[in-house]
Amino acid sequence: MAACSATPSANAAEKEMRVICNNWSGFAPVFVASDLGYFKKLGLKVDVKFDDAQSDAMAAITAGDVEVDMRTIDDYQRRPRTASTPGVIIGTIDESTGGDGVVAEGSVKTVADLKGKTVAIENDIPAYLLLELELKKAGMSYNDLNIKQTSGSDALSVFADPHVSAIGTFQPFMNKAVELQKKRGAHIIVSSAAYPGTIVDVMIVNQKKLQADPVAYRDFLIGIYKAVAYYQQNPTNFIHLAAPHFGLSDKDFKDSIDGSLAYTNLAEVKKYLGETQNPGPAYQIFDSLMQLNVENKAADSLLSAQKSIDTSVVNNISDSDLH
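An unreviewed UniProt entry lists the protein chain under the name Myristoyl transferase, from Ewingella americana. Recorded under Sequence similarities (unreviewed entry), the UniProt text for the protein chain is reproduced unchanged: "Belongs to the bacterial solute-binding protein SsuA/TauA family." Under Subcellular location (unreviewed entry), UniProt gives the following word-for-word description of the protein chain: "Periplasm".

As structure tokens, this is what we get:
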């Protein structure tokens, strides 16, 4: 598991916030908030570890080894999570608007052309859900494919194998796959652009830790949304700060987010989540994805949106807190 420190060593008075997520450009506000000193001013020391496996993140949240897990709503719901597994959603950080999807070789024109062919994909990334939705439209299922379990970040190298007809991944690996496999006619056959509002990255925390120190999590969200506001005001500077954390040039990082994702600001998050007594769209989306996950045996338990989403933290932040 590759470690990436989001901030220099801090003094003992700072509260530690350990974050786990995959190598996805949508999580850049965490790094930029640290680089700009937002977390430090709020008394936080934030460290980030990249790890694609949902099971690792769930175990870390449960054991108290990590304070924040970042992943999609759909991924949050999947096994081995049950109703008793620690972890509630307290905010969103980005929405995928084309940054997740499936890249296929030139002979594959539609999802139907994948029948009997090998697809390298991990079952706990957004691309899996997107392909699942497309297969359903075509009257097919994963049983019609030869699935090679491969993490989203490793799919790029696996795609070099001519026996692999398609890969499920995310940016920046989608663009790289198309570029590196031009000779094979590599192209995107489905992306999150076709399913607006479905692939949304959320921040997940252990309820007991949240109850013990709600201020720390409020401060963490303030740092995140200050960084999102900074992006909206200074996109060029934001990109310059973010790119090195993902091993990309400024241009490549910009390419990985343009048309691929939208960082969610404070106002958008509040509207999306709503309040406990007046739920926002997130609740309906959560329930729809939950039904699909159970139907396709990707989840064992029917989770409740009401019990899985905690709006108290984000609704305790005002615009003035971001200045």
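There's more to say after this.
Chemist: So, the overall build of the protein chain: which residues are in play, and what are the values?
Modeler: Counting its regular elements, the protein chain contains 14 helices and 14 strands. The principal-axis extent of the C-alpha atoms belonging to the protein chain is close to 55 × 40 × 30 Å. Per-residue burial over the protein chain gives 58% buried out of 323 residues. Look at the contacts in the protein chain between residues 6 or more apart in sequence, and 79% of them connect residues 24 or more apart.

Chemist: Explain the packing of helix H9 (residues 214–233) against helix H10 (residues 235–242) to me, and be specific about the residues and the numbers.
Modeler: Interhelical geometry of H9 versus H10 gives an angle of 125° and a closest axis separation of 5 Å. Here H10 runs oblique to H9, going by the angle between their axes. Contacts between H9 and H10 involve Ala227, Tyr230, Tyr231, Gln232 and Gln233 from the former and Pro235, Asn237, Phe238 and Leu241 from the latter. Partitioning the contact of H9 with H10 into residue classes produces 6 nonpolar, 3 polar and no charged.

Chemist: I'd love a proper account of the environment of Val215, names of residues and values included.
Modeler: Inspection of the secondary structure puts Val215 in helix H9. By relative accessible area, which is 46% here, Val215 ends up partly exposed.

Chemist: Requested: an account of the packing of aromatic side chains, with residues and values cited.
Modeler: Taken as a whole and judged by the stated rule, the model has 12 aromatic pairs. Taken together, a centroid distance of 5.1 Å and an interplanar angle of 80° make the contact between Tyr231 and Tyr263 edge-to-face. With a gap of 32 residues between them, Tyr231 in helix H9 and Tyr263 in strand E12 (residues 261–263) connect regions that are remote in the sequence. Relative accessible area serves as the criterion here: at 5%, Tyr263 is assigned to the buried category. Seen from their ring centres, Phe246 and Phe253 are 5.6 Å apart, and the 35° between their planes marks the pair as tilted. Taking relative accessible area as the criterion, Phe246 reaches 8% and is therefore assigned buried. On the accessibility criterion, Phe253 (0% relative accessible area) is buried. Taken together, the ring pairs in this structure connect Phe31, Phe50, Phe246 and Phe253 into an aromatic cluster.

Chemist: Give me the lowdown on the pattern of salt bridges, citing residues and values where you can.
Modeler: Applying the stated criterion across every chain yields a total of 16 salt bridges. The residue Arg78 makes a salt bridge to Glu132 at a minimum N-O spacing of 4.0 Å. With Arg78 in the loop between helix H4 (73–77) and strand E5 (88–96) and Glu132 in helix H5 (residues 126–137), this pair connects stretches of sequence that are 54 residues apart. Of the charged contacts in the structure, one is a salt bridge between Asp258 and Lys254, with a shortest N-O distance of 2.6 Å. Its relative accessible area of 40% is what places Lys254 among the partly exposed residues. Beyond isolated ion pairs, a larger network of salt bridges with shared partners links Arg18, Glu67 and Lys209.

Chemist: An account of the domain arrangement of the protein chain is needed here, citing residue identities and associated values.
Modeler: With domains assigned, the protein chain is organised as domain 1 (15–95 + 199–322) and domain 2 (100–194). Distance from the C-alpha centre of domain 1 to the C-alpha centre of domain 2: 25 Å. In this complex, domain 1 contributes 20 residues to the contact, which on the side of domain 2 involves 21 residues. Taking both sides of the interface into account, the surface hidden between domain 1 and domain 2 amounts to around 1700 Å²; carbon and sulfur atoms contribute 57%. Counting across the domain 1 and domain 2 interface gives 2 salt bridges. Ranked by residues supplied to the side of domain 1 that touches domain 2, first place goes to helix H13 (residues 281–295) with 3 residues. Looking at the side of domain 1 that touches domain 2 residue by residue, the classes come out as 6 nonpolar, 8 polar and 6 charged.

Cut-off values and rules
- Per chain, residue numbering runs from 1 following the sequence as it is written.
- Local features in this predicted model are restricted to residues whose pLDDT is 70 or higher, and side-chain atom pairs enter the listing and the counts only when it is 80 or higher, whereas totals over whole chains, interfaces and linings include all residues.
- Calculated side-chain values reflect all of the structure's heavy atoms, with hydrogen atoms and water omitted.
- UniProt positions are given in the numbering used here, feature names are shortened, and annotations may be inferred rather than shown by experiment.
- Secondary structure elements follow DSSP: runs of H or I of four or more residues count as helices, runs of E of two or more count as strands, with numbering from the N terminus.
- Remark: exposure states derive from per-residue accessible area (1.4 Å probe, protein chains only) relative to the maximum for the residue type, with buried under 20%, exposed over 50%, and partly exposed in between.
- When checking whether two residues touch, look at their non-hydrogen atoms; a contact exists if any pair is within 4.5 Å.
- Think of each axis as a best-fit line through the C-alpha atoms, taken over the contacting stretch in the case of a helix, with angles from 0 to 180 degrees between the N-to-C directions.
- Angle categories: roughly parallel below 35 degrees, roughly antiparallel above 145, roughly perpendicular from 65 to 115, and oblique for all the rest.
- Three residue categories are used. Nonpolar comprises Ala, Val, Leu, Ile, Met, Phe, Trp, Tyr, Cys and Pro, charged comprises Asp, Glu, Lys and Arg, and polar comprises the others, including Gly.
- Here a Phe, Tyr or Trp ring, Trp counted by its six-membered ring, pairs with any other such ring whose centre lies within 6.5 Å, and the pair is stacked when the planes are under 30 degrees apart, edge-to-face when over 60, and tilted otherwise.
- Take a side-chain nitrogen of Lys or Arg and a carboxyl oxygen of Asp or Glu: if they are within 4 Å of each other, that pair is a salt bridge.
- Segmentation into domains, and thus their bounds, comes from an automatic or database assignment.
- Note: buried area is the sum, over both parts, of the accessible area (probe 1.4 Å) each one loses when the two are combined.

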